[in-house]
Amino acid sequence: ANFDKERPATEASAMDSSPDSTPTTASAMESASLSSGKEPAARGRHFFLATGDPSDALYSAVWILVTIAFCGLSAGLGGATNGWELGLYAPLFSHAVQWLVCTLHAFPYQTEVYYDLTGSITYALLAVGTLSITAGRTRSVHARQLVATAFVLVWCTRLGSFLFQRIRRDSKDGRFDSLKPYFVAFFGTWNIQGAWCFLTGLAVWAANARDPAEQPAFGWLDGVGVCVWCVGFGIEVVADRQKAAWRALPSSKGRYIDVGLWRYSRHPNYFGEWLLWTGQFVLCASAFGSGDATGAFVGAGFLSAASPVFVYLLLNYVSGVPLLEKRSDERWGGEQVYLAYKQETYVFFLLPTRRTEASRPLL
């Protein structure tokens, strides 16, 4: 049994559930591509969709609107949270990095090899950059800012290297196959990664933007945030390692994993990622109280609660879970054991299993 990431060179895995910096973003784009029924009918590179379908113009327009919408979302939350004078730098940088890599390398060379790595580097640069700007302006840093920044660096280094090694091994990510030939669609996937990087780390960028002298001392709420982050990070790491070890077993080739943490959640790595970003918000929350007026209004820093909400909604309702569940059902939906596993195991949250009638003959 295995939610296996392994896939043939020309076919995406039925259960590639490791969270990319963008679990999600590439999966979301594949979901959009599948729903539109678009397949690349022509070789080469095209600015707009060119599948030969009459609706090409419609879907090209949709991609343009989606790109504008995500840019607006990042800019709006950035400006409101950190003030319109300073709050636009981080979202602009986050998106601009993706635009440059896509335009200068990914689209011309038709490759997604550096997609996840670019996302991880963006996280690191945003963390260090937002902290450095405040440190240079105030000549001081707060312990809360140092811890939150260090957590981002640890997380993005671990996940970025993990995902980069995976795509170097597989040489491609099949989720991009129907998008790469069309600039408007491929650029859209990179742009969404820019929004993903900025919005998931919004609490950290906001805490780093606050004057250290105006923040309260490191207290019990910060300690709670540190603990939640550590638990989430541990779950994500353990889930990925368990899956990698399972994949290495010849007997588990092409099967779904239902042991270890995967016995208690069908997507424990996604749950761990959501939990660690929740911990980041709790850790940073104290920086937004005491009449903080750095943003567009007093208390605007609490808008960064959108970070864990955004991660949860994207993973559970846009990409990640829905797409992977669909693939799994198509592959193993006719197996009684798999259906029992689905009935017993929560899809996202890491909770005790629910024994059902379906599993009794198997116990």
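So, here's what we can say about the structure.

**Brief notes about the environment of Trp-84**
Reasoning step 1: Mapped onto the secondary structure, Trp-84 falls in the loop between helix H2 (56–82) and helix H3 (89–106).
Reasoning step 2: Note: C-alpha distance between Trp-84 and Gly-295 (211 residues apart in sequence) is 7.7 Å.
Reasoning step 3: Once residues within four sequence positions are removed from consideration, Trp-84 is found in contact with Ala-75, Gly-76, Gly-79 and Ala-296.

**Digging into the packing of H2 against H3**
Between two packed helices, both the angle of their axes relative to each other and the distance between the axes serve to describe the pair.
Reasoning step 1: Orientation of H2 relative to H3, taken along the N-to-C sense of each, is 155°, at an axis distance of 9 Å. Classified by the angle between their axes, H2 and H3 sit roughly antiparallel to one another. Seen from H2, the contacting residues are Phe-70, Cys-71, Ser-74, Ala-75 and Gly-78; seen from H3, they are Pro-91, His-95 and Trp-99.
Reasoning step 2: Counted by class, the contact of H2 with H3 contains 5 nonpolar, 3 polar and no charged residues.

**Things to note about helix H4 (residues 115–138)**
Residues separated by three or four positions in an α-helix point in the same direction, a consequence of the helix having 3.6 residues per turn.
Reasoning step 1: Look at H4: 35 Å from first C-alpha to last across 24 residues, which is about the 34 Å you get at 1.5 Å a residue.
Reasoning step 2: For H4, every residue scored as buried is listed here: Tyr-115, Asp-116, Thr-118, Gly-119, Ser-120, Thr-122, Tyr-123, Leu-126, Ala-127, Thr-130, Leu-131 and Thr-134.
Reasoning step 3: Arg-139 sits one or two positions beyond H4 and adopts a positive phi of about 60°.

**Digging into the pattern of salt bridges**
Reasoning step 1: One pass over the full model with this rule turns up 11 salt bridges.
Reasoning step 2: Across the salt bridge formed by Lys-180 and Glu-112, the nearest N and O atoms sit 3.1 Å from each other. Within this pair, whereas Lys-180 is found in the loop between helix H5 (143–170) and helix H6 (183–200), its partner Glu-112 is found in the loop between H3 and H4, the two being separated by 68 residues in sequence.
Reasoning step 3: We classify Lys-180 as buried; its relative accessible area is 12%.
Reasoning step 4: Overall, Glu-112 belongs to the buried group, its relative accessible area being 2%.
Reasoning step 5: Here Lys-342 ties to Glu-325 by a salt bridge, and the two come within 3.6 Å at their closest N and O atoms. Placement of the pair is Lys-342 in helix H12 (residues 336–344) and Glu-325 in helix H11 (residues 321–332), with a sequence separation of 17 residues.
Reasoning step 6: A relative accessible area of 9% means that Glu-325 is categorised as buried.
Reasoning step 7: Several salt bridges share partner residues, and in doing so they unite Arg-266, Glu-325, Asp-329 and Lys-342 into one network.

Calculation rules
- Residues numbered from 1 in each chain as written.
- Predicted model: local features only at pLDDT ≥ 70, side-chain atom pairs only at ≥ 80, totals over all residues.
- Heavy atoms only, no water.
- Helix = DSSP H or I, 4+ residues; strand = E, 2+ residues; numbered from the N terminus.
- Contact = heavy atoms within 4.5 Å.
- Axes fitted to C-alpha atoms, helices over the stretch in contact; angles between N-to-C directions.
- Parallel < 35°, antiparallel > 145°, perpendicular 65-115°, else oblique.
- Nonpolar A, V, L, I, M, F, W, Y, C, P; charged D, E, K, R; others polar.
- Expected span 1.5 Å × (residues − 1).
- Buried < 20%, exposed > 50% of the residue type's maximum accessible area, 1.4 Å probe, protein only.
- Salt bridge = Lys/Arg side-chain N within 4 Å of Asp/Glu carboxyl O.

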